[in-house]
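Survey of secondary and tertiary structure
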Amino acid sequence: MKVSEKININTRHLVPLANNPRKITTESMNRLCDSIRENGYWPHRPAAVEPIEGTDKYTVLDGNQRLKALRRMKRYE
């Protein structure tokens with residue numbers, strides 16, 4: 001896999017990693033949502049995605065909990 005530049009992707013085009021082993025509690029998810037609302041995103045910690053061949057979708061390799069938080073907050077950009 002090659003690393004490329006940072007791009008912005010609408011969250012509607014992101015697919016969570018099917019067998020992501022990481023789970024967080026409701027309390028931790030609430031804290032994550034609050035942090036994103038208050039602080040925005042860390043530019044040095046972007047999500048890692050991989051294009052799904054033949055589609056306009058991407059699999060989220062790193063950042064699945066942030067994706068869940070954004071969807072919970074109804075943020076799509």
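We now turn to the structure provided with this report. Treat the numbers as computed from the prediction; the structure is a model and nothing was measured.

Attention now moves to the environment of G54. For G54, the position within the fold is in the loop between β2 (48–51) and β3 (58–62). By relative accessible area, G54 is classed as exposed at 81%. On a C-alpha basis, the gap between G54 and E77 in space is 22 Å, while along the polypeptide they are 23 residues apart.

Right, let's talk about the pattern of salt bridges for a bit. Charged atoms that come close allow side chains of opposite charge to pair. Throughout the structure, instances matching the rule amount to three salt bridges. E27 is the partner of R31 in a salt bridge, and the nearest nitrogen-oxygen pair spans 2.9 Å. Placement of the pair is R31 and E27 together in helix α1 (residues 26–39), with a separation of four residues, close to one helical turn. For D62, the salt bridge is made with R66, and the minimal N-O distance between the two is 3.7 Å. Judged by relative accessible area, D62 falls into the partly exposed class, the value being 31%. When its relative accessible area of 22% is taken as the criterion, R66 is described as partly exposed.

Once that is clear, we can look at the packing of α1 against helix α2 (residues 64–72). Contact geometry for α1 and α2: axes closest at 9 Å, N-to-C directions at 75 degrees. Judged by the angle between their axes, α1 and α2 are roughly perpendicular. Of α2, the residues touching α1 (which contributes T26, M29, N30, L32, C33 and I36) are Q65, R66, K68, A69, L70 and R72. Across the contact of α1 with α2, the residue classes tally to six nonpolar, three polar and three charged.

Further remarks concern the environment of P16. In this structure, P16 sits in strand β1 (residues 14–16). As for P16 and L61, which are separated by 45 residues in sequence, their C-alpha atoms are 7.7 Å apart. P16 has contacts with N64, L67 and R71, leaving out every residue within four places of it along the chain.

A word on the pairing of β3. With three bridges joining them, β1 and β3 adopt parallel strand pairing. Directly across from V15, in β3, lies its bridge partner T59. Relative to β3, β2 runs antiparallel, the two being bridged by four bridges. Note that in β3 the partner of V49 across the bridge is V60. Remark: six residues form the turn of the hairpin made by β2 and β3, two consecutive strands paired antiparallel; G54 in that turn has positive phi of roughly 80 degrees.

Scoring rules and cut-offs
- Residues numbered from 1 in each chain as written.
- Predicted model: local features only at pLDDT ≥ 70, side-chain atom pairs only at ≥ 80, totals over all residues.
- Heavy atoms only, no water.
- Helix = DSSP H or I, 4+ residues; strand = E, 2+ residues; numbered from the N terminus.
- Buried < 20%, exposed > 50% of the residue type's maximum accessible area, 1.4 Å probe, protein only.
- Salt bridge = Lys/Arg side-chain N within 4 Å of Asp/Glu carboxyl O.
- Axes fitted to C-alpha atoms, helices over the stretch in contact; angles between N-to-C directions.
- Parallel < 35°, antiparallel > 145°, perpendicular 65-115°, else oblique.
- Contact = heavy atoms within 4.5 Å.
- Nonpolar A, V, L, I, M, F, W, Y, C, P; charged D, E, K, R; others polar.
- Pairing = 2+ DSSP bridges.

Remember, this is a structural readout, not a statement about activity or role.
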